[in-house]
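# Overview (structure and organization)
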Amino acid sequence: MTTTSQAATGEQTPWHALDTTIALSRLDATVEGLPELERAARRTRYGANAVRTRKPKRWPAELGESFTEPLQLLLIAVAALSAVFGELSDALVIAAVITTVAVLETATEMRAAKAIDALRQMTAPTARLTTPSGRVQVPAAELVPGDVFTIEAGDVVPADARVLSAAGLKTDESTLTGEAQPAGKSDTPVAEAADLAERSSVIYAGSPVVAGEATAVVVAIGADSELGRIGGLVTDAKEPPTGLQKALSQLARAVLVLAVAASVLVPLVGVLAGQPWRDMLLSGLTVAFATVPEELPILVVVLLAVGGRQLARRGALLRRLKAGETLGAVTTVVTDKTGTLTENQLTLAGIDGDPNQVLAVAVATQPPAGHGREPMEAQLAAAAVDAGVAPPVGEVAAFPFDPVRKLVARAHQQPDHTDQVTVSVAGAPEQLLPRCDLPPEQRAAVQTRVDDLAQQGVRIIAFAHRQTTGIPADQDNAAIGLTYVGLAWFADPLRDGVPQAAADLTAAGVKTIVVTGDHPATAAAIAAQAGLPTGHLIASGDALDRLSDAGLDAHLAHGTVIARATPAGKHRIVTALQRRGEVVAVTGDGANDAPALTAADVGIAMGARGADLARAAADLVLTDDAYPTVVTAIGKGRNISAQLRRAVAFYLGAKLALVIVLLAALAGGRPIPFAPVHIVLLEIFMDLGASVAFVAEPAAPDAMRRQPRPTGARFLDQPALYAILAVAATLTAATLPCYLLLTHAGTEAARSGAVLGWLAGHALIAWMLRTQPWLSWRVNPAFPAWAAAAITAGLFLSLTAAGRPVHLTPLASTQVATVAVVVALAITATYLLQRLLRLSRRL
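None of these values were measured; they are calculated from a predicted model.

Cut-offs applied
Residues numbered from 1 in each chain as written. Predicted model: local features only at pLDDT ≥ 70, side-chain atom pairs only at ≥ 80, totals over all residues. Heavy atoms only, no water. Pairing = 2+ DSSP bridges. Helix = DSSP H or I, 4+ residues; strand = E, 2+ residues; numbered from the N terminus. Contact = heavy atoms within 4.5 Å. Axes fitted to C-alpha atoms, helices over the stretch in contact; angles between N-to-C directions. Phe/Tyr/Trp six-rings, centres within 6.5 Å; stacked < 30°, edge-to-face > 60°. Buried < 20%, exposed > 50% of the residue type's maximum accessible area, 1.4 Å probe, protein only. Lys NZ or Arg CZ within 6 Å of the ring centre and 35° of its normal. Parallel < 35°, antiparallel > 145°, perpendicular 65-115°, else oblique. Left-handed = near helix turned anticlockwise from the far one by under 90°. Nonpolar A, V, L, I, M, F, W, Y, C, P; charged D, E, K, R; others polar. Patch = residues over 30% accessible without salt bridge, like charges linked within 9 Å, V, L, I, M, F, W, Y side chains within 5 Å. Areas by Shrake-Rupley, 256 points an atom, 1.4 Å probe, with all protein chains shown as cover. Salt bridge = Lys/Arg side-chain N within 4 Å of Asp/Glu carboxyl O.

### A few points about the sheet that holds strand S19 (residues 584-588)
Spatial strand order, S8-S21-S20-S19-S9-S16-S18-S17: eight strands in an open sheet with mixed pairing. Unpaired on one side and paired on the other, strand S8 (316-318) and strand S17 (537-538) mark the two borders of the sheet. As defined by bridge partners, strand S9 (residues 332-335) adjoins S19 across four bridges and the pair is classed as parallel. Residue pairing across strands places Thr332 opposite Val584, the latter belonging to S19. Helix H26 (residues 628-667) rests against S8, S9, S19, strand S20 (602-606) and strand S21 (620-622) of the sheet, and its axis sits at about 140 degrees to S21.

### Observations regarding the environment of Thr512
Tracing the sequence through the fold places Thr512 in strand S16 (residues 511-515). C-alpha separation for the pair Thr512 and Thr560, spaced 48 residues apart in sequence, amounts to 7.6 Å. When neighbours within four sequence positions are excluded, Thr512 is seen to be in contact with Val333, Thr335, Leu505, Leu532, Ala557, His558, Gly559, Thr560 and Tyr627.

### Looking at the packing of aromatic side chains
Evaluation of the coordinates by the stated rule reveals two aromatic pairs. Aromatic pair Phe650 and Trp786: ring centres 6.1 Å apart, planes at 90 degrees, arrangement edge-to-face. Of this pair, Phe650 sits in helix H26 while Trp786 is found in helix H30 (residues 782-799), placing the two residues 136 residues apart along the sequence. We note that Phe650, like Trp786, is buried. Ring centres of Phe783 and Trp786 lie 5.7 Å apart, and the angle between their planes is 85 degrees; this geometry places the pair in the edge-to-face category. Here Phe783 pairs with Trp786, and both are found in helix H30, just three residues apart, close to one helical turn. Here Phe783 matches Trp786 in class, with each residue buried. An aromatic cluster is defined as three or more aromatic residues linked by ring pairs; in this entry it consists of Phe650, Phe783 and Trp786. Over the aromatic face of Phe401 sits the side chain of Lys170, whose NZ or CZ is 4.3 Å from the ring centroid. A cation over an aromatic ring shows up here: Arg449 above the ring of Trp489, its NZ or CZ 4.9 Å from the ring centre.

### Focus on unusual backbone geometry
Glycine aside, the phi torsion of most residues is negative, and most peptide linkages are trans. In this model, Asn344 sits at a positive phi of 55 degrees, which is unusual for a non-glycine residue. By the secondary structure assignment, Asn344 is in the loop between S9 and strand S10 (347-352). Relative accessible area serves as the criterion here: at 29%, Asn344 is assigned to the partly exposed category. A positive phi is found at Arg564, a non-glycine position, where the angle reads about 50 degrees. Along the polypeptide, Arg564 turns up in the loop between strand S18 (561-562) and helix H23 (567-579).

### A short note on the packing of helix H14 (residues 355-364) against helix H15 (residues 375-387)
The contact between H14 and H15 brings their axes to 9 Å, and the two run at 130 degrees. What the angle tells us is that H14 and H15 run oblique. As for the relative orientation of H14 and H15, their crossing is left-handed in sense. Judged by residue contacts, Asn356, Leu359, Ala362 and Val363 of H14 engage Leu380, Ala381, Ala383, Ala384 and Ala387 from H15. Tallied by class, the residues present in the contact of H14 with H15 amount to eight nonpolar, one polar and no charged.

### Focus on a nonpolar patch on the surface
A contiguous nonpolar surface patch, about 310 Å² in accessible area, is contributed by Leu265, Leu268 and Leu272. According to the relative accessible area criterion, Leu268 is partly exposed, its value standing at 47%.

### Examining the pattern of salt bridges
Within the structure shown, the criterion is met by 18 salt bridges. Asp336 serves as the salt-bridge partner of Lys570, at 3.6 Å between the closest nitrogen and oxygen. Here Lys570 is found in helix H23, whereas its partner Asp336 is found in the loop between S9 and S10, with 234 residues between them in sequence. The exposure class of Asp336 is buried, given its relative accessible area of 2%.

Spelled out as structure tokens, the structure:
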């Protein structure tokens, strides 16, 4: 027997192109189903009807992953060295920092839904199986190739299957194909080259049955099913490292070099200056540990977590913290159409012809209420009720929708003339119009109207009827010699705000590419309605597959529309963009979007109507399903990135200043200006300033009118390095002179001056780094509150006896004045330099 994967690899004619007899023969099956012994043998051979899975993430594994971040590894090494040198308290503090970071990150990311578990939720739990001994209900996981089952409206297809017989069967394949319209199914084979959306002879696992009933034979299960292949792509797809991860890795290497250099340089300088070598060795270790930014991982996690909360208040749930920073670097948005740009809900948009006559024929072709009307039928039925058009009675024949003929027909006996039968027919214009008796002029006019509507990307249904004296024997006999009545068309409307959102992204320098499984004309029309420029159109998945990588690159421009795309095709588009250096965000709502969502730098899923698999694969979930929230999220991402870079620049500049002050004092033969307890005190305010104060800062007014940061730009680029140097220079200028000028009053008084100069200077320099330094305090009350607290703490410790427990002596008023003058001069110089270099705007 041929395996299910053979068809997928093209070794034989695919199932959708086979006659039912040949399909059964290839499967060694019959319409009566498989005997139980044969089913047991095939279960052993093929395994369970379940998708390929990753092992579920467990707390220990996720926690272990958090410990392998570069900065975490560096901190672990520092903690170990601290313990070896007898600094057990330092080792315990650093170990607590390491653990806190790992637990915070793990707790946040363990909330991520598991993509493959979502796949299981989408599949049918049971199936009505046909066997030689009768019909039985079995778990869907027990199905094997060759099993025959029945389905009806309300069911979920349990496995990929070849239709053996069908009566008006329609399934919702929108999560696989992107088609908003239910797909009609029949037992008639279709062309081998048919796209997934056109394979009307096969039904697919996970697709809800909208109308009708059918009998089908299983041809693919588990990983070989279309849904399973998507699961395989999701499993294989690797999340690209974020810019923040790359930056922290670079930073860890740089800090390691600096820490090693400091640990060697400090003892050397001190010994050369005549200091005891043992004291210098310990001082060198202290400087090395002070150099390591042990709080930086916590700072980054806090910044991203708070930014994530702000995003949540805007309708966007950040499921992966580091994606918050990546949002700000997005250069291209690859968006799905159905359910993302549009509502994924076809609505009656218009009627050509006499509305009452069109509605009368429409309801005459439908099953009675409560018998599985599809969404477009329900729309027409509601319109008929509003117009006072009642459905006919006395049905004598019904010919359900046939996806090959694309027609549905019903016959009703007239109450007053039992020998008269009215046949009502609805279907695709290209199929129905040739069956109508129309004058050439009217036929041409109707065809022109149909062509115009088709260019608008709407779904069109034509209606006709005829009077006869006998009951038609079949659909072909029913749909001949018809009288044309009119047209109705349906549109999947754009979501609110989509055109403005597309324009805002364009203004922000972000390209938009539409990739959908839907029809080319529909996709192009929706892109035009969204205001995207007319770009390249790739009309099918086959056309996409035929393009070389270089050819595909040439087509991937702003406004490009790619229709009939498969999940693998969408995934290829994302990787092609990334290969040329783009930072890619993918938006989608269907299972067919999941591989691309996983591979994207930022995956954005619709939360309210999106498929479980799409939500589980995404980094960001839009709770309001509003496409404009994508713009909001990218804008907030840019602000998170900007504030994170400011915070890191401020923090590293302060660290650099700390090292410079310590080294300068030692080189001058002075005692170290800060004892370990002072360093702890200073770093508390440094951390608070870099996290709480900066994270709540509003975005720069022109943030969404700038181009994205260049792809590949270093996190610590030239403006950030200038800011680090400015902070270091300012704090050094505000602290070292204070210490040196007050050394005549004793070490503790000099240290009091240094602590006061540091706390006042670092609060004021942070203020200078703001995008809008003179912003009202009400906009971000955390910033002035932190700055006031830092300066107040410095005054309190240096003016009162409260500083004595930490080895500080109260300063005299003249000494405080000296500190104030030094700090004022340092800040003034920095402000003038900042205005000259426009650092706050360039960061």
